[in-house]
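Topology and contacts: notes
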Amino acid sequence: MSGAQAGSSITTLGQYLASKSLMAGSGQTPLDALLLDVATACKRVADLVRHGELAGVLGAAGSENVQGEDQKKLDIIANDVFIDSLERSGLLAGVASEEMDAHHPIPDEAPRGDLLLAMDPLDGSSNIDVNGSTGTIFSIMRRSGAGATRDEHFLQPGDSQVCAGYCLYSSATMLVLTTGDGVDGFTLDNSIGEFVLSHPKMQIPAATSEYSINAAYQRHWFNPVARYVEECVAGKEGPRQRDFNMRWAGSMVGDVHRILCRGGVFMYPMDRKLEAAGNSGKLRLLYEANPMAMLVEQAGGAASTGTERIMALTPNALHQRVPVLMGSTEEVQLLVEYHAQA
Ligand code: P6P
């Protein structure tokens, strides 16, 4: 039985991209073609995630990534699927990934484009073995100049992204993306193998009563975040004068998707534990914070480190980490205010 009701009109990702380019007065652009290849890679990963143990892709890989984090088998497999799906497209000048120390150069025998892709091929991989939500996060930038691509070409501020998106592998597989003109969501209809437009113009409500943070780290929080969460927990009796709810998916894609759907604020702040370890945050600027910040801002939300707008930062390294506070504008602004008062 097809997921799309018989006879109903649908818009596939390909039709969506073609109509946007036609409206912009051009035929298919290199970015359109790249997004179709990204969608193919997402479908391949979604199939592996959906089969899980039956595909023999669960469990640890027995290796560490550049961040010193234990890799899951599917972290590496997903990375390889994206490289295989994209490196011969003739559209890319290079690929950077959480799972690779340096960027992946386009093979000499393959044609080269001027787009750069930075990705977390499988975000939330700690959820894989327990069938929790996971996702792919991607950021697309342009590469200026000629000559061989270097890591430095990726070190562009988030404002220079031409596209950002994620694919959420959950009860449904959803591709959510922006090219700077709002955020649109597509649901994978497995019966026809197409991403179908299902959530046009996603918007984050300015107000929310739902926050996301890993409360196990409470003793490590600095005062601004500690104060914000304490006031949420105080509920009606406290200064916020309303009760709050808390959600923590363990995958940024799962939490940010929920926020794009119904509002909320996602926090992975700097804390004393990260500071003692010499880290400037947990989440990576290039392929987690920046793409999610573009999506959140395009959906009417805000994204800050607490003291700076995330997309204004110029990365100093491929795997630079930053504090992340993003979602409903009223809550992000309150958090920024508390940071300023500290
Ligand atoms: P913690 C997943 O590893 C990730 O990078 C994000 O997707 C997620 O929000 C966060 O880390 C979870 O971190 O410390 O709660 O395990």
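Residues numbered from 1 in each chain as written. Predicted model: local features only at pLDDT ≥ 70, side-chain atom pairs only at ≥ 80, totals over all residues. Heavy atoms only, no water.

What to know about the side chain of E288
Our working definition: A run of DSSP states H or I qualifies as a helix once it reaches four residues; a run of E qualifies as a strand once it reaches two. Both are numbered from the N-terminal end. Burial status follows relative accessibility: with a 1.4 Å probe on protein chains alone, a residue under 20% of its type maximum counts as buried, one over 50% as exposed, and anything between as partly exposed. The criterion used for residue contact is that any of the two residues' heavy atoms lie within 4.5 Å.
If you trace the backbone, E288 turns up in helix 7 (residues 285-298). Relative accessible area serves as the criterion here: at 1%, E288 is assigned to the buried category. Among residues more than four places away in sequence, those in contact with E288 are E98, D120, D123, I137, M252 and L283.

Remarks on the nonpolar core
Here is the rule: For the purposes of this section, nonpolar cores are sets of buried Ala, Val, Leu, Ile, Met, Phe, Trp, Tyr and Cys residues that join through side-chain atoms within 4.5 Å.
Ranked by size, the top nonpolar core spans 43 residues in total, and within it L13, F82, L117, F138, I140, L175 and F195 carry the most contacts. Residue contributions to this core peak at ten residues, all from helix 2 (residues 30-51). When residues no more than four places from it in sequence are discounted, the contact partners of L175 are L13, A39, C42, F138, Y166, C167, D184, G185, F186 and F195. Counting residues in each nonpolar core, the second largest holds 33 residues, with L168, L274, A293 and A303 among its members.

Structural notes on the site of the ligand
Rules: Being near a molecule or strand, for a residue, comes down to having at least one heavy atom within 4 Å of it. Pairs of N or O atoms are called polar contacts if they sit within 3.5 Å, as long as, within protein, a hydrogen donor faces a hydrogen acceptor (for residues adjacent in sequence, only side-chain-to-side-chain pairs). All residues other than Ala, Val, Leu, Ile, Met, Phe, Trp, Tyr, Cys, Pro, Asp, Glu, Lys and Arg, Gly among them, are scored as polar; the first ten of these are nonpolar and the last four charged.
Near the ligand, the surroundings consist of 14 residues, among which D123, N214, Y217, M252 and Y268 are the closest. In this structure, M252 approaches the ligand through a main-chain N or O atom, which is 2.7 Å from an oxygen atom. A distance of 2.6 Å separates an oxygen atom of the ligand from a polar side-chain atom of Y268. Broken down by secondary-structure element, the contributors of at least two residues to the shell around the ligand are strand 12 (265-268) and strand 13 (283-284). Classifying every residue of the shell around the ligand gives six nonpolar, four polar and four charged.

Let's talk about the sheet that holds strand 4 (residues 115-123)
The following threshold applies: At least two DSSP bridges between two strands are needed for those strands to be called paired. Working convention: axes come from line fits to C-alpha atoms, limited for helices to the stretch in contact. Angles between N-to-C directions cover 0 to 180 degrees.
Pairing within the open sheet is mixed, and its seven strands lie in the order 3-4-5-6-7-8-9. Looking at strand neighbours, the two that pair on one side only are strand 3 (92-97) and strand 9 (194-199), the edges of this open sheet. Mean inter-strand twist for the sheet, computed between neighbouring axes without regard to direction, equals 20°. With respect to the sheet, helix 2 is in contact with strand 3, strand 4, strand 5 (134-142), strand 6 (163-169), strand 7 (173-178), strand 8 (183-189) and strand 9, its orientation differing from that of strand 6 by roughly 20°.

Notes on the sheet that holds strand 14 (residues 302-304)
Judged by pairing direction, the sheet is mixed, and its five strands sit side by side in the order 11-10-12-16-14 without closing on themselves. Each of the sheet's edge strands pairs with one partner strand only, and the pair in question is strand 11 (245-246) and strand 14. Across the face of the sheet, helix 4 (residues 223-234) comes into contact with strand 10 (210-212) and strand 12 while running at roughly 140° to strand 10. The strands that helix 7 touches are strand 14 and strand 16 (324-327); relative to strand 16, the one it contacts most, it runs at about 25°.

So, the pattern of salt bridges
Defined as follows: In the sections that follow, a salt bridge refers to a side-chain nitrogen of Lys or Arg positioned within 4 Å of a carboxyl oxygen of Asp or Glu.
For the structure shown, the criterion picks out 20 salt bridges. Put simply, K20 and D181 hold a salt bridge, and the shortest N to O gap is 3.4 Å. Of the two residues, K20 sits in helix 1 (residues 13-23) while D181 sits in the loop between strand 7 and strand 8, which places them 161 residues apart along the sequence. By relative accessible area, which is 22% here, K20 ends up partly exposed. Close ionic contact of D114 with R142 constitutes a salt bridge, the shortest N to O distance being 3.8 Å. Within this pair, whereas D114 is found in the loop between strand 3 and strand 4, its partner R142 is found in strand 5, the two being separated by 28 residues in sequence. By relative accessible area, which is 42% here, R142 ends up partly exposed.

Some points on the domain arrangement of the chain
The following threshold applies: Where each domain starts and ends comes from a domain assignment, either automatic or drawn from a database. What gets called buried area is simply the loss in accessible area from a 1.4 Å probe that two parts show on being joined, summed for both.
According to the domain assignment, the chain contains domain 1 (13-199) and domain 2 (210-341). The gap between the C-alpha centroids of domain 1 and domain 2 is 24 Å. Taken together, the contact pairs 48 residues of domain 1 with 32 residues of domain 2. Here domain 1 and domain 2 share an interface that buries about 2800 Å² over both sides, 62% of which is from carbon and sulfur atoms. Summed over the three residues of domain 1 that lose the most area to domain 2, namely I137, L155 and Y166, the buried surface amounts to 21% of that side. Inspection of the domain 1/domain 2 interface yields three salt bridges. The salt bridge involving R309 is made with D159; its shortest N-O contact spans 2.6 Å. Run the count over domain 1 and domain 2 and you get 17 residue pairs in polar contact (both at pLDDT 80 or more).

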